[in-house]
Amino acid sequence: MKWNMCYRQLALVVFSCCWSVSAWSEVSLTPFVSENGIRIPASGTNTYPIQTANGIEVLPSFDVVSFYDDNVTNTNAQTTTSWGSILSPAIAVAIQPSRHKYELRYRLSRGDYFSSKQDNYTDHFFNLFSGFEFNTRNRLFVYYDFTAGHDERGDGISEGVGDLIDEVVRYHIHDASLKYRFGGNHATGRLEFSLGYEDKAYRNFRETTQFRDFDAINYQAAFYYRLAPKSSLLFEVMKNDKRYDKVSLNNISRDSDDHFVFVGASWDTTASITGTAKVGYQHKRFKAGERKNFEDISWDVGLTWYVKPFSSIELNSQRSAKDPEQSGDYKQVTLIDLTWQHYWLPQLNSSLSWSFINDDFKGITREDDTHQYSLGLNYDFHRWLSLGAGVHIKNKNSNQNSIGYDKNLFFITAKVVM
């Protein structure tokens, strides 16, 4: 998780609890946003995985991006411009013996900046999923994700100093979780319990980044009460314990416990509106008394409205207190993200999006406002080939002079699914 929408957002693979060849194909081909903000189009809707004689399903794919970045280091000083490319081969493997499900997915992302070699990167994304259906009321899901990723220069922990470092900031993330569900899919009541563990460790610039390595344990319980065939009330409690590996000399520990209580609603995927909307309260308590605790309203909204079978509007909005990558006790983050996707023809679709992020830092005097705009056009030439083009614009303003900047990214994309 981990939801940094500032140009590095990556929509990793979403695991489906309802399994079929067509459903798996639909999930596998969902467009994602690459490591530098470029939207990769989905391939044709008639693409199916390769099926072996022993029941294993395999879906290989290959994404190619050519782009022009007018501010590679995300700075307001002397900017670096560059043409570049991203090559992303991927493979997904699945098997379903009886009522159980197993998935394995891997994606490599190689980025090359032709005029700025120090910004080149090679990222790896590995995902495992197992689903066990013991009977109609008892299900268990196991997830594991590994990311060998990076932050662009001037993003994340290197904000404001992107032009002063000589390579991207690299890190590893291990994320594992276990979810148990009690109650049938159409039962009046359903309970869910989950336990998660996350470990993040930076790989370079260790003089600074060693103090941002952390482990986190997440506990979650939710109750769903079905009001209608396609909608349910939601009650949720969550706790996140975050511990940093080291504390720098003359600094204060960042270790904290986050408590969330939410109430909301969820809509099934068969409805014209799908997703979840919940609002509640967050209490962030630091182990060190010198840091200021947080108590305030929090919300998490992820909804898609299918206006027509060929047109949809997606809304994502979040508000919570998060740990800053650099200085401060915490930052209160408010996010609004809107995306309109429309199919003008069965093969031709467009995507228009806008997002706003407000980062209000506590413990230091800093506030950032970030606006992002994206426009993309995709065309399915064949059931296995999609081509696209678009632009991504970012305007970041801050009361700290070194943080704000403007950035424009122009790109063309191709996606091939075997």
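Calculation criteria
Residue positions are counted from 1 within each chain, in the order its sequence is given. Selection of residues for local features in this predicted model requires a pLDDT of at least 70, selection of side-chain atom pairs for listing and counting requires 80 or more, and totals for whole chains, interfaces and linings are taken over all residues. Heavy atoms throughout the structure, all of them, feed into the side-chain values; hydrogens and water do not. The secondary structure listing takes helices from DSSP runs of H or I that are at least 4 residues long and strands from runs of E that are at least 2 residues long, numbered from the N terminus. Relative accessible area decides the class of each residue, using a 1.4 Å probe on protein chains only: under 20% of the type maximum gives buried, over 50% gives exposed, and in between gives partly exposed. Should any heavy atoms of two residues lie within 4.5 Å, those residues are counted as being in contact. Exposure was quantified through the Shrake-Rupley algorithm and a 1.4 Å probe, taking into account, for residues, occlusion by the shown protein chains and nothing else. Any carboxyl oxygen of Asp or Glu that lies within 4 Å of a side-chain nitrogen of Lys or Arg is treated as forming a salt bridge with it. Each residue carries a pLDDT value, the predictor's own confidence for that position, ranging from 0 to 100. We define a polar contact as two N or O atoms separated by no more than 3.5 Å, with the added condition that, inside protein, one atom must be a possible hydrogen donor and the other a possible acceptor, whereas residues neighbouring each other in sequence contribute only through side-chain atom pairs. In summary, the charge assignment counts Lys and Arg as positive and Asp and Glu as negative, without counting His or the chain termini. DSSP bridges decide pairing: two strands pair if at least two such bridges lie between them. Two aromatic rings, drawn from Phe, Tyr or Trp (for Trp, its six-membered ring), form a pair once their centres lie within 6.5 Å of each other, and the interplanar angle then sorts them: stacked below 30 degrees, edge-to-face above 60, tilted otherwise.

### Here we look at the overall build of the chain
Scanning the chain from terminus to terminus reveals 2 helices and 21 strands. Counting across all 418 residues of the chain, residues that qualify as buried make up 50%. In the chain, 56% of the contacts between residues at least 6 apart in sequence involve partners at least 24 apart. As displayed, the chain offers around 19,500 Å² of accessible surface, 59% of which is attributable to carbon and sulfur atoms.

### So, the pattern of salt bridges
On inspection of all chains with the given rule, the structure shows 28 salt bridges. Taking the shortest distance from any N to any O, the salt bridge between Asp-112 and Arg-110 comes out at 2.9 Å. Glu-192 is the salt-bridge partner of Arg-190, the closest N and O atoms lying 3.5 Å from each other. Across this residue pair, the class does not change: Arg-190 and Glu-192 are buried. Taken together, the salt bridges that share partners define one network made up of Glu-159, Arg-366, Asp-368 and Lys-396.

### Some remarks on the confidence of the model for the chain
Residues at a pLDDT of 70 or more form 89% of the chain, whose mean pLDDT is 88. Scored below 50 in pLDDT, residues 1–32 shows 105 contacts in the model against residues more than four places distant or in partner chains.

### Some words on the environment of Ala-216
Tracing the chain through its elements places Ala-216 in strand 11 (residues 214–228). In this structure, the C-alpha to C-alpha distance between Ala-216 and Glu-198, residues 18 residues apart in sequence, is 5.1 Å. The contacts of Ala-216, once residues within four sequence positions are left out, are Gly-196, Tyr-197, Glu-198, Asn-240, Asp-241 and Lys-242.

### Things to note about unusual backbone geometry
Residues other than glycine seldom take positive phi values, yet Asn-74 does so here, at roughly 50°. Summarising the element assignment, Asn-74 is placed in the loop between strand 4 (57–69) and strand 5 (82–95). The backbone phi angle of Phe-205 is positive, close to 50°, even though this residue is not glycine. Mapped onto the elements, Phe-205 comes out in the loop between strand 10 (189–202) and helix 2 (206–209).

### As for the side chain of Asn-74
In this structure Asn-74 comes out as buried when scored by relative accessible area, which is 2%. Among the polar contacts listed, one links the side chain of Asn-74 to the side chain of Lys-407, at a separation of 2.9 Å.

### Side note on the environment of Leu-234
Here Leu-234 is to be found in strand 12 (residues 231–244). Among the residues examined, Leu-234 registers a relative accessible area of 1% and is labelled buried. It is 8.7 Å that separates the C-alpha atoms of Leu-234 and Thr-276, two residues lying 42 residues apart in sequence. With residues near it in sequence (within four places) discarded, Leu-234 still touches Ala-222, Phe-223, Tyr-224, Phe-262, Val-263, Gly-264, Ala-265, Thr-276 and Lys-278.

### Side note on the side chain of Arg-212
Note that Arg-212 resides in the loop between helix 2 and strand 11. Summary of buried charges: Arg-212 has no salt-bridge partner, and the nearest side chain of opposite charge, Glu-325, is 7.8 Å away. At 3.0 Å, the side chain of Arg-212 forms a polar contact with the backbone oxygen of Glu-325. Excluding residues within four positions of it along the chain, Arg-212 makes contact with Ile-157, Tyr-202, Tyr-244, Arg-254, Pro-324, Glu-325 and Gln-326.

### Remarks on the pairing of strand 16 (residues 311–322)
Bridge count for strand 15 (residues 294–308) against strand 16 is 9 bridges, and the pairing is antiparallel. In the sheet register, Asp-300 faces strand 16, and the bridge partner there is Gln-318. Counted between consecutive antiparallel strands, the loop separating strand 15 from strand 16 contains 2 residues. Where strand 16 and strand 17 (residues 330–343) come together, 12 bridges link them in antiparallel fashion. Each bridged residue has a counterpart across the sheet, and for Lys-322 the counterpart in strand 17 is Lys-331.

### Examining the packing of aromatic side chains
Per the counting criterion, the structure on display carries 12 aromatic pairs. Ring geometry for Tyr-68 against Trp-83: centres 5.1 Å apart, planes inclined by 55°, an arrangement best described as tilted. One end of the pair, Tyr-68, is in strand 4; the other, Trp-83, is in strand 5, and 15 residues separate them in sequence. Here Phe-260 and Phe-262 contribute two aromatic rings whose centre-to-centre distance is 5.8 Å and whose plane-to-plane angle is 15°, an arrangement assigned as stacked. Accessibility expressed as a relative area gives 12% for Phe-260, which makes it buried.

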